[in-house]
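Fold and contact review
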Protein chains: 2
Amino acid sequence: MVATLAFWYEFASTYSYPAALRLEQVAAAAGVEIEWHPFLLGPILARQGWNDSPFNLFPAKGSYMWRDIERVCAREGLPFRRPSAFPRNSLLAARAALVAAEENWCGEFSRAVYRANFVADRDIADPKVIGAIIDELGRSSAAVLARAATPAIKDRLRAQTDEAMARGVFGAPSFTVGNELFWGNDRLEQAVEWAKEGRAA
Amino acid sequence: MVATLAFWYEFASTYSYPAALRLEQVAAAAGVEIEWHPFLLGPILARQGWNDSPFNLFPAKGSYMWRDIERVCAREGLPFRRPSAFPRNSLLAARAALVAAEENWCGEFSRAVYRANFVADRDIADPKVIGAIIDELGRSSAAVLARAATPAIKDRLRAQTDEAMARGVFGAPSFTVGNELFWGNDRLEQAVEWAKEGRAA
């Protein structure tokens, strides 16, 4: 029995970008169903005492990451431009993604947000940027942004972030198959394989 | 022109174990020459304000690592047993490895030290453990341990650790090809490929 793969991602996260762009194709090739779980990494990092991205707090790690993500994207044939601001505030994008998930267009929305952040260098915290993405997908930005601002959606994002933490997620992207956790774009194929083998327990 | 691959590793590091065991085979298949560069990660982590392994300082990261390294080793067909002490003091092993490097038996020595730490669960800080490894390799433990305690070797290890830091190394294992840095056992194949393509600059 094939298990479902949950994809835990943060819109500000560099390595979540190639994972989000590759996910559906890799999963579909294996016949694995996916669930999109946007969450906020900030509160999880804050628990470790970090009030900024570790890539900013630890310069050697940051320098490496900017070079590595460039190589990763080049190998995957994905465009990449280093954003002029990092990390960008992903709160609005994550809330809108939860609305999109209710209506089953979270994948295409999420990919568009990543391209805005990491290819077009646009501020994904700006409602105009997120609104334009929604409209381009043939949805109503007014309706989606209104719904994204409701207590129900705000609570759901908090709950999803709490669930990520409870599942042991400490970075993005992560993948879970049952109780099995995989961290990083590098683990996408392995997580999909795990789900395909039905090793959910 | 094929470039040389430098392997930067720390004997206490879990992910350095599969990298060290796999390195020669992967490099030989690509016709890439390797240099063994043992160094101490402790002083580099201390610069980030950490006086212990991040896997101990950040429990979620640690829990994940112990499960992930088990999966990594299983996939590679390598035995693995979680050591009863972590991280082990790797100073003596690193000094002895520099002696072995002078005499061109650093690869087999390093693999034996990793197996002692991560398969046999032996204390690699103990001169008797390191001495037995040296003797089993047909060398003189008395001579090697004496040489490992000389100022020349102590200085060389400090210099090698400083060089790692200067090259931007922030974790182990790392690989460098010219100025190109790769971090993690996951990047071994890519680093070897980079060297094979002669992209040293």
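Look above for the structure.
**A word on the packing of helix α1 (residues 16-30) of chain B against helix α6 (residues 106-118) of chain B**
Residue and element names in this part refer to chain B. Closest axis-to-axis distance for the α1/α6 pair is 9 Å, and the angle between their directions is 145 degrees. In this structure, α1 crosses over α6, and the sense of that crossing is left-handed. Along its contact with α1, which presents Ser-16, Tyr-17, Ala-20, Leu-21 and Glu-24, the element α6 presents Gly-107, Arg-111, Tyr-114, Arg-115 and Phe-118.

**A closer look at the pairing of strand β4 (residues 180-183) of chain B**
The side chains of a regular strand alternate, residue by residue, between the two faces of the sheet. All names here are of chain B. In this sheet, β4 lies alongside strand β3 (residues 174-177) in antiparallel orientation, the contact comprising four bridges. Along β4, the bridge assignment pairs Val-177 with Glu-180. Counting the residues between successive antiparallel strands, the hairpin from β3 to β4 contains two residues, one of them, Gly-178, with a positive phi of roughly 55 degrees.

**Observations concerning the interface of chain B and chain A**
The interface is formed by 22 residues belonging to chain B together with 22 residues belonging to chain A. Carbon and sulfur atoms supply 49% of the area buried between chain B and chain A, which totals about 2200 Å² over both sides. When the area that chain B buries against chain A is broken down by residue, the three leading residues are Tyr-64, Arg-71 and Arg-187 of chain B, summing to 26%. In this structure, the connection of chain B to chain A is made through ten salt bridges. For Glu-193 of chain A, the salt bridge is made with Arg-75 of chain B, and the minimal N-O distance between the two is 3.4 Å.

**Some remarks on the nonpolar core**
In terms of nonpolar packing, the biggest core is built from 84 residues, with Leu-5, Phe-11, Phe-109, Ile-130 and Phe-175 of chain A touching the most fellow members. Among the elements that take part in this core, helix α5 (residues 91-102) of chain A stands out by supplying eight residues, more than any other. Non-local contacts of Leu-5 of chain A, meaning those with residues more than four positions away in its chain, are made with Leu-23, Val-32, Glu-33, Ile-34, Glu-35, Phe-175, Thr-176, Val-177, Ala-191, Val-192 and Ala-195 of chain A. Counting 55 residues, the second-largest nonpolar core is a separate cluster that includes Leu-40, Ile-69, Leu-98 and Phe-118 of chain B.

**As for helix α8 (residues 141-148) of chain B**
Helical geometry note: an α-helix holds 3.6 residues per turn, so side chains three or four residues apart project in the same direction. Residues and elements named next belong to chain B. Residues of α8 that are buried: Ser-141, Val-144 and Ala-148. For α8, the angular spread of buried residues about the axis comes to 70 degrees, placing them on one side. For α8, the secondary structure elements touched by its buried residues are α5 (91-102), α7 (127-136) and α9 (151-166).

**Some words on the pattern of salt bridges**
Counting across every chain of the model gives 30 salt bridges over all chains. Measuring nitrogen to oxygen at the nearest pair gives 2.7 Å for the salt bridge that ties Glu-102 of chain A to Arg-147 of chain A. You can see Glu-102 of chain A sitting in helix α5 and its partner Arg-147 of chain A sitting in helix α8 (residues 141-148), a full 45 residues away along the chain. Owing to a relative accessible area of 28%, Arg-147 of chain A belongs among the partly exposed residues under this scheme. Here Asp-186 of chain B ties to Arg-187 of chain A by a salt bridge, and the two come within 3.0 Å at their closest N and O atoms.

**Looking at the sheet that holds strand β2 (residues 34-38) of chain A**
Residue and element names in this part refer to chain A. Within the open sheet, the four strands sit side by side as β2-β1-β3-β4. Their pairing is mixed. The sheet terminates laterally at β2 and β4 (180-183), the two strands that pair on one side only. Between one strand axis and the next, the sheet turns through 20 degrees on average, direction left out of account. Here three bridges tie strand β1 (residues 5-9) to strand β3 (residues 174-177), and the two strands are oriented antiparallel to one another. If you follow Ala-6 over to β3, its bridge partner there is Thr-176.

**Here's the deal with the relation of the copies chain B and chain A**
Mapping chain B onto chain A calls for a rotation angle of 180 degrees and an axial translation of 0.0 Å; the resulting RMSD is 0.0 Å. Expressed as a symmetry operation, the mapping of one chain copy onto the other fits a two-fold axis. It is Asp-186 of chain B whose C-alpha, among those of chain B, lies nearest the rotation axis, at 3.8 Å. Interface residue correspondence from chain B to chain A reaches 100%, placing this contact among same-surface, isologous pairings.

About the thresholds
Residues numbered from 1 in each chain as written. Chains lettered and ligands numbered in written order. Predicted model: local features only at pLDDT ≥ 70, side-chain atom pairs only at ≥ 80, totals over all residues. Heavy atoms only, no water. Axes fitted to C-alpha atoms, helices over the stretch in contact; angles between N-to-C directions. Helix = DSSP H or I, 4+ residues; strand = E, 2+ residues; numbered from the N terminus. Left-handed = near helix turned anticlockwise from the far one by under 90°. Contact = heavy atoms within 4.5 Å. Pairing = 2+ DSSP bridges. Buried area = accessible area lost by both parts, 1.4 Å probe. Salt bridge = Lys/Arg side-chain N within 4 Å of Asp/Glu carboxyl O. Core = buried A, V, L, I, M, F, W, Y, C linked by side-chain atoms within 4.5 Å. Buried < 20%, exposed > 50% of the residue type's maximum accessible area, 1.4 Å probe, protein only. Arc of directions from axis to C-beta. Least-squares fit on C-alpha atoms with pLDDT ≥ 70 in both.

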